[in-house]
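Listed below are the residues making up each chain.
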Amino acid sequence: MNKMAFYKITYGLYVITSGQDGKFNGQIANSMFQVTSNPATVAISINKENYTYGLIKLSRKFVVSILSQSAPMNFIGLFGFKSGRDVDKLQNIKTKTGMSKVPIVLENTVAYIEVELEKELDCGTHTIFIGNIIESDIVSSEEPMTYAYYQQVKGGKSPKTAPTYVKAEQAAARYVCSVCGYVYDEVLGDPGNGINPGTKFEDLPQSWTCPVCGADKSKFEKK
Ligand code: FE
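The residue numbers shown here count from 1 along each chain, following its written sequence. A pLDDT threshold of at least 70 governs which residues receive local features in this predicted model, and a stricter bar of 80 or more applies before side-chain atom pairs are shown or counted, although totals over entire chains, interfaces and linings include all residues. Computation of side-chain values covers all heavy atoms of the structure but excludes hydrogens and water.

Right, let's talk about the overall build of the chain for a bit. From N to C terminus, the chain includes four helices and twelve strands. Between the two quantities, the radius of gyration covers C-alpha atoms and the globule rule is 2.2 Å times the number of residues to the power 0.38. Relative to the 2.2 N^0.38 estimate, which gives 17 Å for 223 residues, the radius of gyration of the chain is 19 Å and therefore close to what a compact globule would have. Reported as C-alpha extents along the three principal axes, the dimensions of the chain are approximately 55 × 40 × 35 Å. A total of 223 residues make up the chain; the buried ones form 42% of that total. By definition in these notes, contact holds between two residues if any of their heavy atoms fall within 4.5 Å. For the chain, the share of sequence-separated contacts (at least 6 apart) that also reach a separation of at least 24 residues comes to 60%. Per-residue and other accessible areas follow the Shrake-Rupley method at a 1.4 Å probe size, with only the shown protein chains counted as cover for residues. Summed over all atoms, the accessible surface of the chain reaches about 12200 Å², with 51% contributed by carbon and sulfur. Strands here are runs of E lasting at least two residues and helices are runs of H or I lasting at least four, both read from the DSSP assignment and numbered beginning at the N terminus. The rule is simple: take the accessible area with a 1.4 Å probe, protein chains only, and divide by the maximum for that residue type; under 20% is buried, over 50% is exposed, in between is partly exposed.

Following this line, the structure appears as structure tokens:
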């Protein structure tokens, strides 16, 4: 079995929110798809260890916010690499309440779908939740984010097709965040946080932190 084949599967990137009675959370997921159009049904795959998993089981509803390509790393990091058990992820995020009464994330969102849970399928580490769409709308005309775009462009890796790829990748060092797996690539820098391309890792200010999870420089290891 060549597991590299799995990397050819295409995905989007979503924030899934759920909860009830003032207890809400959101998390990043890439596995969401429309199952049928009549009735309009979608499925998501959620890790059982996630806080959001418990909230979906409890409230039997969830909202999918489809992220835009311009969604910044710290936004994805907040929902993807922090736990709702430790922080209130929705505290400083623009949301609205719709039919489901679950907060709908409006920041960096191109469209949202509100879902009532219909069925679930136990898949070991994950559960597939299948539900009926009760409401949906477009939020912006921006391009939706794909998982490939997130990994290749946002994740600090040059696309293989970039003309500078071979030369630049060999000359410059890359450092991996041991907390979340983000790669700091000296070729690319971290322009989203004011770090110019070509900035050496040792020249990063001490105040610089992982743009995804917020870990400090000491958590990075040379690749
Ligand atoms: Fe990190």
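The structure having been displayed, the exposition proceeds.
We now examine the pairing of strand 2 (residues 23–29). Most of strand 2 sits inside the fold, with five of its seven residues counted as buried. By the convention used here, strands pair only if DSSP detects at least 2 bridges between them. As paired elements, strand 1 (residues 14–20) and strand 2 share seven bridges and run antiparallel to each other. Residue pairing in the sheet places T17 in a bridge with G26 of strand 2. The hairpin turn running from strand 1 into strand 2, its antiparallel successor, is two residues long, and D21 in that turn takes a positive phi close to 50°.

Right, let's talk about the packing of aromatic side chains for a bit. Any two rings among Phe, Tyr and Trp, with Trp reduced to its six-membered ring, count as a pair given centres within 6.5 Å; such a pair is stacked if its planes are under 30 degrees apart, edge-to-face if over 60, and tilted if neither. Following the criterion strictly, the structure yields eleven aromatic pairs and no others. A ring pair is formed by Y184 and F201, whose centres lie 6.0 Å apart and whose planes are at 55°; its orientation type is tilted. Taken together, the residues Y184 in strand 11 (residues 183–185) and F201 in the loop between strand 11 and strand 12 (220–222) connect sequence positions 17 residues apart. The residues Y184 and F201 share a single accessibility class, namely buried. Each ring, one from Y184 and one from W208, has its centre 5.4 Å from the other, and the planes form 70°; the classification is edge-to-face. Here the residue Y184 occupies a position in strand 11, and W208 occupies one in the loop between strand 11 and strand 12, the gap between them amounting to 24 residues. In terms of burial, Y184 and W208 fall into one category: buried.

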